[in-house]
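Survey of secondary and tertiary structure
The primary structure of each chain is shown beneath.
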Amino acid sequence: MDLISLQGCGGYGENLLRERLVALLQPLGGIERFVRPGQRVLLKPNLLAGKPPEAAVTTHPALVKLVTELVRGAGAEVMVGDSPGIGSFERVAEKSGIRKAVESAGGQLIPFGETRSVGSFGTFRQLELATAYLDADVIINLPKLKTHEMMTLTCAVKNLYGTVVGAAKAGLHLTAGHSKELFAGLLLEIAFARPVALTIVDGIVAMEGDGPNSGIPRQLGLLLAGENPVAVDTVAAYLAGIPADLLPVEREARRRGLPGTELDRIELTADLADMVAVPPFILPEGLDVQFGLPGFLKKLLRNQLTPLPGAEKGSCTLCGVCRDACPPAAITLTKNALKVDSGRCIRCWCCRELCPRHAMAIRKGVLLQLLERLR
């Protein structure tokens with residue numbers, strides 16, 4: 001059985017967080033179980049965008065700092081790396097407070113740039129992932145617990161998509177993003193192509209609503225840790241109150257027979273009943289209602305049952321970030337307007353995720369609006 005450790009933690013104060021972090025890792029054998037002297041350890045936080053810590057978009061710098069200190073205390077060298085979705089690594093690290101945190105703890109910042117091909121299982125036989133990630137002796141995954149407009153939840157498994165560098169993210173979205181099941185399989189194959197040793201989840205202040213970039217900070221007051229990222233996500237989703245049928249990654253992991261998808265087969269260090277979010281997390285507006293429909297109906301009713309992104313005229317500055325990031329090139333700009341081609345759009349929501357002004361709104365078809373009223 002997979003073991004997932006949980007600790008309540010009400011804030012990011014250094015003394016409290018250090019105490020709870022050490023307690024979190026103790027049932028798993030402590031940091032020394034995962035790190036040996038002289039090893040090169042890579043920490044992979046969520047560095048989606050250059051937002052301040054209180055926005056809950058990135059892994060909190062206080063947690064990154066303390067994990068860096070623990071790993072260095074075990075005699076290892078620490079690197080912190082990612083490939084942000086919005087902006088340069090340097091800018092995101094600065095704005096999020098990660099640069100200061102890592103440097104003050106004696107770690108080294110490593111922007112993901114060079115890539116190398118690595119073999120995978122399943123559909124995607126070869127993956128191009130960051131060389132720094134593949135070459136590290138040990139990987140510690142440091143995700144932020146957030147809702148996600150395409151995949152419902154971003155936590156342990158989804159955080160490792162950051163090992164895909166730069167424009168290659170858009171390419172994979174174009175290849176697999178038209179199907180949530182296929183994209184979920186891609187995420188799982190990335191997660192297990194180079195397995196992480198340990199995942200530590202920042203769930204102290206999480207995100208609900210239109211995550212991963214435009215949602216609302218939500219106080220959950222929890223830290224989670226475990227070795228199997230699928231099991232970590234199963235527990236995280238349960239704590240957030242997210243229905244299992246809305247979790248493409250967990251559904252695909254179950255279909256593939258991967259361990260960690262069944263809550264009753266996961267060993268826990270605390271009673272979940274005392275930690276579940278009340279009320280459940282608000283889910284993204286962009287989720288569709290197609291699951292379970294026959295393929296021909298999905299195709300026929302696609303534009304009515306799935307929302308479409310569209311620019312808010314009062315907020316959109318026509319900067320072109322969404323157009324440049326759109327995997328299927330479904331967005332065009334004129335001098336006065338932004339247009340989305342509903343036939344080309346794959347509903348990956350990269351435009352909403354990456355928009356620096358949160359100016360991409362949700363447009364819902366008449367049938368979807370009717371169904372929502374009847375719920």
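Residues numbered from 1 in each chain as written. Predicted model: local features only at pLDDT ≥ 70, side-chain atom pairs only at ≥ 80, totals over all residues. Heavy atoms only, no water.

**Topic: the nonpolar core**
How we decide: Here, nonpolar core refers to any group of buried Ala, Val, Leu, Ile, Met, Phe, Trp, Tyr and Cys residues whose side-chain atoms link them within 4.5 Å. Buried residues are those whose accessible area, probed at 1.4 Å on protein chains only, stays under 20% of the maximum for their type, while exposed residues exceed 50% and partly exposed ones sit between those limits. Numbered from the N terminus, helices here are DSSP runs of H or I no shorter than four residues, and strands are runs of E no shorter than two. In what follows, a contact means two residues having at least one pair of non-hydrogen atoms within 4.5 Å.
Within the largest apolar cluster, 40 residues are counted, with the highest numbers of intra-cluster contacts made by Leu127, Leu129, Tyr133, Tyr161, Phe183, Leu186 and Ile190. Elements with a contribution of two residues or more to this core: β6 (126-130), α5 (131-135), α7 (168-176), α8 (180-193) and α10 (248-255). Among the elements that make up this core, the one with the highest residue count is α8 (eight residues). Excluding anything up to four places from it in sequence, Phe183 contacts Met150, Met151, Lys158, Tyr161, Leu172, His173, Ala176 and Gly177. Leu21, Val80, Val138 and Leu142 belong to the second largest nonpolar core, which has 39 residues in total.

**Structural notes on the packing of α8 against α10**
Keep this limit in mind: Helix axes use the C-alpha atoms of the stretch in contact, all axes being lines fitted to C-alpha atoms, and the angles between their N-to-C directions lie in the range 0 to 180 degrees. Roughly parallel means an angle under 35 degrees; roughly antiparallel means over 145; roughly perpendicular covers 65 to 115; every other angle is labelled oblique. Charged residues are taken to be Asp, Glu, Lys and Arg, nonpolar residues to be Ala, Val, Leu, Ile, Met, Phe, Trp, Tyr, Cys and Pro, and polar residues to be all remaining types, Gly included.
For the pair α8 and α10, interaxial distance at closest approach is 8 Å and the crossing angle is 75 degrees. Put simply, α8 runs roughly perpendicular to α10. Counted together, Lys180, Glu181, Ala184, Gly185, Leu187 and Leu188 of α8 and Pro248, Val249, Arg251, Glu252 and Ala253 of α10 form the full contact between these two elements. Looking at the contact of α8 with α10 residue by residue, the classes come out as six nonpolar, one polar and four charged.

**Structural notes on the pairing of strand β8 (residues 144-148)**
Defined as follows: Pairing between two strands requires that DSSP report at least two bridges joining them.
Of all five residues in β8, five are buried, a share of seventy percent or more. With burial as the criterion, each face of β8 is covered, one bearing Lys144, Lys146 and His148 and the other bearing Leu145 and Thr147. Bridging between β8 and strand β10 (residues 198-208) involves two bridges; their strand directions are parallel. Each residue of the ladder has a partner; that of Lys144, found in β10, is Asp202. The pairing of β8 with strand β9 (residues 152-154) spans three bridges and is antiparallel. Residue pairing across strands places Lys146 opposite Thr154, the latter belonging to β9. Hairpin connection from β8 to β9: three residues lie between these consecutive antiparallel strands.

**A word on the packing of aromatic side chains**
As a reminder, the rule being used: Here a pair means two rings of Phe, Tyr or Trp (six-membered ring of Trp) with centres within 6.5 Å. Their orientation is stacked below 30 degrees between planes, edge-to-face above 60, and tilted elsewhere.
Overall, the coordinates contain one aromatic pair when judged by the stated rule. Between Tyr161 and Phe183, the ring centres sit 5.4 Å apart and the planes meet at 70 degrees, which makes this aromatic pair edge-to-face. Of this pair, Tyr161 sits in the loop between α6 (156-159) and α7 while Phe183 sits in helix α8, placing them 22 residues apart in sequence. The exposure class assigned to Phe183 is buried, which follows from its relative accessible area of 0%.

**Some points on the confidence of the model for the protein**
The following threshold applies: How sure the predictor is of each residue is captured by pLDDT, a score from 0 to 100.
When pLDDT is averaged across the protein, the result is 91; 91% of the residues are at 70 or more. Across the protein, the secondary-structure element scoring lowest on mean pLDDT is helix α11 (residues 295-300), at 48, and the one scoring highest is strand β7 (residues 138-142), at 99. Low confidence marks residues 289-298, where pLDDT is under 50. Its contacts with residues over four positions away, or in another chain, come to 15 contacts.

**A word on the pairing of β6**
In the sheet, strand β5 (residues 115-119) pairs with β6 via five bridges, with the strands oriented antiparallel. Residue Arg116 lies in a different strand from β6, and its bridge partner there is Leu129. Hairpin connection between β5 and β6: a loop of six residues separates the two successive antiparallel strands, and Gly122 in this loop has a positive phi of roughly 85 degrees.

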